[in-house]
Amino acid sequence: MVTIERLDKTISKIMCISRSDARRLIKIGKVFVNGEKMKAFDTKISESDEIVVDGEKLSLEKNVYIVMNKAAGIVCDDKSSAPYAIETLPKELKRKDLFCVGRLDKDTTGLLLITNDGEFSHSVISPKKHIEKRYRATLQNPITENDIAKAKQGITLKDGTKLLPSEMFAVTADNKTVDFVIFEGKYHQIKRMAGALDNKILSLHRYQIGELVLPKDLDFGEAKKVEKEQAFLVFEKAKNWQKD
Ligand code: URA
């Protein structure tokens with residue numbers, strides 16, 4: 001489907017500037033559409049058009065998918081005074097219509113998806129979908145066989161919430177570095193799971209959602225665009241609890 005939008009609206013959305021700033025750029029002759037200087041704010045633009053603003057080509061892709069290796073201290077909503085993940089994106093990835101797919105806590109690092117595709121985001125965070133998420137945590141105390149058995153059964157949180165079955169396994173000999181595999185995304189879930197086991201999370205890093213693995217070439221704070229097919233790997237391996 002080809003989306004048709006006004007020139008000023010398109011520029012404002014993609015360049016993360018106000019509609020009036022977009023109009024100013026058009027007015028002063030900085031905007032070219034398919035090689036032609038455009039002066040009309042309401043010129044109709046479709047995905048096949050080429051827009052160049054001040055010598056730079058804008059990306060008119062309808063849906064974009066970005067993976068970030070979130071650094072500690074960055075937040076996933078714009079209501080806080082801490083830096084918002086979207087604001088930290090490099091200029092070439094920024095667009096006004098981007099949002100984070102779900103949340104990672106401020107102190108949690110790792111794989112964060114950013115998109116402008118509402119349907120995709122909705123499916124990933126839907127409690128019905130049971131998308132698999134993998135985290136590596138360091139814990140205050142070593143985990144025990146009993147903890148692993150409880151996770152397999154479904155841990156009951158301190159507030160009485162009964163969680164779905166999950167997996168926990170130690171990845172270091174001291175049993176304090178532990179991978180958690182969960183199929184839901186409740187608020188502070190991993191930290192509350194540790195709390196229910198009378199333990200405490202010291203650090204938390206998400207490294208995989210479904211079959212989408214955090215790319216090794218991304219340092220903390222870095223992000224890159226991925227193809228739709230790669231982003232949609234998040235839906236691989238989701239549990240179907242009805243069938244299980
Ligand atoms: N569970 C948590 O406790 N925090 C996160 O950021 C993600 C999962």
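Cut-offs used in this document
Residues numbered from 1 in each chain as written. Predicted model: local features only at pLDDT ≥ 70, side-chain atom pairs only at ≥ 80, totals over all residues. Heavy atoms only, no water. Salt bridge = Lys/Arg side-chain N within 4 Å of Asp/Glu carboxyl O. Phe/Tyr/Trp six-rings, centres within 6.5 Å; stacked < 30°, edge-to-face > 60°. Helix = DSSP H or I, 4+ residues; strand = E, 2+ residues; numbered from the N terminus. Lys NZ or Arg CZ within 6 Å of the ring centre and 35° of its normal. Pairing = 2+ DSSP bridges. Contact = heavy atoms within 4.5 Å. Axes fitted to C-alpha atoms, helices over the stretch in contact; angles between N-to-C directions. Near = heavy atom within 4 Å. Polar contact = N/O pair within 3.5 Å; in protein donor to acceptor, adjacent residues only side chain to side chain. Areas by Shrake-Rupley, 256 points an atom, 1.4 Å probe, with all protein chains shown as cover. 1 Å grid on protein atoms, 1.4 Å probe; cavity = no way out; pocket = protein on both sides within 12 Å on 5 of 7 lines; lining within 4 Å. Sits in = over half its atoms within 2 Å of the grid points. Nonpolar A, V, L, I, M, F, W, Y, C, P; charged D, E, K, R; others polar. Domains from an automatic or database assignment.

Engineer: When you look at the pattern of salt bridges in this model, what are you seeing that I'm missing?
Structural biologist: Two side chains with opposite charge may pair up if their charged atoms get near one another. Within the structure shown, the criterion is met by 19 salt bridges. A salt bridge links Glu5 to Lys9; the shortest N-O distance between them is 3.5 Å. Across the salt bridge formed by Asp78 and Lys79, the nearest N and O atoms sit 3.0 Å from each other. Bridged by salt links that share partners, the residues Arg6, Asp8, Arg19 and Arg23 form one connected network.

Engineer: Explain the packing of aromatic side chains to me, please; I cannot follow it from the model alone.
Structural biologist: How two aromatic rings sit relative to each other is given by the distance of their centres and the angle of their planes. In the structure shown here, the tally under the stated rule is five aromatic pairs. Measuring from centroid to centroid gives 5.9 Å for Tyr65 and Phe232, while their planes differ by 85°, and the two rings are edge-to-face. In this pair, Tyr65 sits in strand β7 (residues 65-70) while Phe232 sits in the segment after α6 (228-231), placing the two residues 167 residues apart along the sequence. Summarising the aromatic geometry, the rings of Phe120 and Phe235 are spaced 5.7 Å apart at their centres and angled 85° between planes, so their arrangement reads as edge-to-face. With Phe120 in helix α3 (residues 118-125) and Phe235 in the segment after α6, the pair connects residues that are 115 residues apart, well separated along the chain. An aromatic cluster is defined as three or more aromatic residues linked by ring pairs; in this entry it consists of Tyr65, Phe120, Phe232 and Phe235. The side chain of Arg136 reaches across the aromatic face of Tyr207, ending 5.5 Å from its centre.

Engineer: Looking at this structure, I do not really get the sheet that holds strand β6 (residues 56-57). What am I missing?
Structural biologist: Spatially, four strands are ordered β3-β2-β5-β6 in an open sheet, and the strand pairing comes out antiparallel. Of all strands in the sheet, those with a lone pairing partner are β3 (36-37) and β6, marking the two edges. With two bridges joining them, strand β5 (residues 51-53) and β6 adopt antiparallel strand pairing. Within β6, the residue paired with Val53 across the bridge is Glu56. Contacting β2 (31-33) and β5, helix α1 (residues 7-15) runs over the sheet at an angle of about 65° to β5.

Engineer: Honestly, the site of the ligand in this entry has me stumped. Any pointers?
Structural biologist: The full set of residues close to the ligand is Leu104, Asp105, Thr108, Tyr135, His188, Gln189, Ile190, Lys191 and Leu204. In the environment of the ligand, an oxygen atom lies 3.0 Å from a nitrogen or oxygen atom belonging to the backbone of Lys191. In the complex, 95% of the free accessible area of the ligand, which totals 240 Å², lies under the protein chains. Mapping the ligand onto the cavity grids shows that it belongs to the largest pocket. The element contributing the most residues to the shell around the ligand is helix α5 (residues 189-196), with three residues. Among the residues forming the shell around the ligand, the class breakdown is four nonpolar, three polar and two charged. No fewer than three residues from each of domain 2 (65-127 + 211-235) and domain 3 (133-209) sit in the shell around the ligand.

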